[in-house]
Amino acid sequence: MRYARFIIVILALSLVASVLLAGQVHVRWGGRSVQVPRTADGRLELLPVLHLLGADAGFSHSAGTWGVVLGDHQVQFTPGSRWVLMDGELKKLDEAPVSTPSGVAASERFLEQAILEPFGFHLEHEPGGLRIAEGAAYLSPILVVPVAADFGSTTTVVLTLGRKERVEVEDRDGAVVVHFPEAEPQLDESRRVASARITSIGVHGRDLVIRLSEGAGLLGSHVLDDPPRVSLDLGPKARPAPASASPPQLRATVHPIVLDPGHGGGDTGARSPSGLEEKTLVLAIARRVARILRGRGFPTRLTREGDTGRALADRTAFANRLEARVFVSLHANASRFSSARGAETYYMSLKDEATDEHAAATARLENASGERSGGHDGLDLILWQMAQAEVLNESSRLALAIQRRLNGLEGVPDRGVKQAPFVVLTGATMPAVLVEVGFLSNPTEARRLATAEYQEQLATAIADGIVAFLKHQ
Amino acid sequence: MRARVVLLVLLGAAAAVLLLWALLGPTSRVPQSGPEPAPLPTPTPAPKRQAVLLYPGSDGLLHPEIVPLSLPDEQENRVRVLVSRLLQPSPAGRPPVAPYPAMLTDVFVREGKIAYVDFTAPENPLAGCGNEVPFVYAVVDTILLNCPDLRAVQLLFGDREVETLTGHLDLSGPLPLNKRLIAPS
Ligand SMILES: [Zn+2]
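Residues numbered from 1 in each chain as written. Chains lettered and ligands numbered in written order. Predicted model: local features only at pLDDT ≥ 70, side-chain atom pairs only at ≥ 80, totals over all residues. Heavy atoms only, no water.

Of the regular secondary structure elements, chain A holds nine helices and 27 strands. Looking at chain A as a whole, 50% of its 473 residues qualify as buried. Within chain A, counting contacts between residues at least 6 apart in sequence, those at least 24 apart form 61% of the total. For chain A, the accessible area works out to roughly 21,400 Å², and carbon and sulfur atoms hold 53% of it. (Helix = DSSP H or I, 4+ residues; strand = E, 2+ residues; numbered from the N terminus. Buried < 20%, exposed > 50% of the residue type's maximum accessible area, 1.4 Å probe, protein only. Contact = heavy atoms within 4.5 Å. Areas by Shrake-Rupley, 256 points an atom, 1.4 Å probe, with all protein chains shown as cover.)

Encoded structure:
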């Protein structure tokens, strides 16, 4: 009997020990619960939790990412990365998940930030484990992305919020305070706000504080949806003004179309058997396109006016600086297949249509950031890539509009709209395409390209395509 | 007393089961309906005896050709075999993929995901998007189609990373698969 009791005590002790040592945590949601393994460093296995919530989770081997879908919401994350794509929006979290033999594990904070919050839940500690509760946790972090632009006498600041959240805007002496009663603002530090009226932007607890330069004050504020954002108008500090004071005038800006005649200077580009150079041909065509567009009331600028070289990145930067409506780079083609002829239009291919390709593109970016010095960091590249995605659909529409007009020209075989990462299209913040008007390497086509008549036809087709695109924008 | 002993014995038995479970397989109770965990490496099958290679045509697209080729399992060798074959005319008589007499000088794979392929640089400046794009993607897409573990390929020229070859395509980083340039079969 004494022996039996001894065994029972040992077994009872082992019952306690097994629970402690095995690293399990009891997670409850609604009427159901699950034992969730915990790694040695305290991370939770995510798959049992996702299963508990009824979420679909899958791992893409080619992409190396986990995708989680619950209802209308979608979250993607990569073991080892703090970046999480939540409903198409990229966020940097405090910690990264890690791969485990049975799936993926992450800290409670990551679980809450990456999985629960996007799906409208939060995590609560309770005796014996964790409870998943509906609704946002009190003081859950909210990402705030600030952007500011000076317009002469006023400055507009837009604070884009990670989600819809209640805010209170307060005009304090020398500062504008945006107060989040139920959330903890987290400033997107990657965005540098450049404005003559702002000296700093920072977060203090639930307040986002925008310190203003001498003489500046808050003129007005609006809270807007889609995306959730707070818009602040800054200007000269309000002072007793004469009744006749006129409202601040916004500078009227006309955004031009930017045409980029390819190559130039020492970079001649392709050359026809008779010596016609690509740089000369495309400048002639660009001038014609510009004349036609200006004649139709569209201000148009060229990246080079004469036979001068210009760095590829500088051409795009020029268009960005002018906030061009569209950017069209003009080129003439060459192929070792002398029979190759016809026009084709390219647009960027960073955001690929297939998941695998997208993943590979991401890998490319990550790699580029990780292994090359002097380049952007991964964050810049990903943010930039996402901004690119916004103009990509527009770029494909512009490419199609131009290519369609080129196909309408007699004797021009359609080589179609294609996608590839061109240096000169990289980083363009507007719809941007590269048009290859024809092959200088094809003797027949080169002879035609050399004629003013055909150049005018091509220019008209390109201008028509641009105008058609702009009219349907 | 007897009931208490039975209770303790039952508790003990439960503890034993739990202990066994905890020691032998703590994750075995994880719901199995989740996604498949990463598969363990499996023995690779015998080398493939043929490969799909992409050769540029005059239409600017990449034309798949099935080429008898023994592909090694080891990634770098596999890439080397593929690219070396691309630098020869295709069985259907298409010219080698490179628009100049390029030679393969080196192949290396980083982290099992990105292949770097180094060619001799062209002696004279190369021109034309129609020379650059099909060449680059014939190499990139052929490698990625035949090496499923690889995610991207970067082309180097003369042991150097280049921004571009003819002033068009961005070659400064590894390129992912671009299926849009492959001719519909
Ligand atoms: Zn060109």
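Read on, since the account is not over.
We now examine the pattern of salt bridges. Residue and element names in this part refer to chain A. Counted by the stated rule, this structure contains 18 salt bridges over all chains. The salt bridge partner of Glu165 is Arg163, with a shortest N-O separation of 3.0 Å. In this structure Glu165 comes out as buried when scored by relative accessible area, which is 14%. A salt bridge links Arg397 to Glu394, with the shortest nitrogen-to-oxygen separation between them at 3.5 Å. (Salt bridge = Lys/Arg side-chain N within 4 Å of Asp/Glu carboxyl O.)

Here the focus is the packing of aromatic side chains. All names here are of chain B. If you walk through the whole model with that rule in mind, you get eight aromatic pairs over all chains. Ring centres 5.0 Å apart and planes at 10 degrees place the aromatic pair Phe108 and Tyr116 in the stacked group. Phe108 sits in the partly exposed class, given a relative accessible area of 23%. On the accessibility criterion, Tyr116 (5% relative accessible area) is buried. Through a chain of ring-to-ring contacts, three or more aromatic side chains come together here, namely Tyr100, Phe119, Phe135 and Phe157. The positively charged end of Arg110 is found above the aromatic ring belonging to Tyr116, 5.3 Å away from the centroid. (Phe/Tyr/Trp six-rings, centres within 6.5 Å; stacked < 30°, edge-to-face > 60°. Lys NZ or Arg CZ within 6 Å of the ring centre and 35° of its normal.)

So, on to the pairing of strand E13 (residues 140–151) of chain A. Residue and element names in this part refer to chain A. Taken together, the five bridges between E13 and strand E17 (residues 183–187) define a ladder with parallel strand orientation. Following the sheet pairing, Ser140 is matched in E17 by Ala183. Pairing analysis gives eight bridges linking E13 to strand E14 (residues 154–161), with the strands arranged antiparallel. For Val144, the partnering residue across the bridge sits in E14 and is Leu161. The hairpin formed by E13 and E14 contains two residues between the paired strands, and Gly152 there has a positive phi angle of roughly 55 degrees. (Pairing = 2+ DSSP bridges.)

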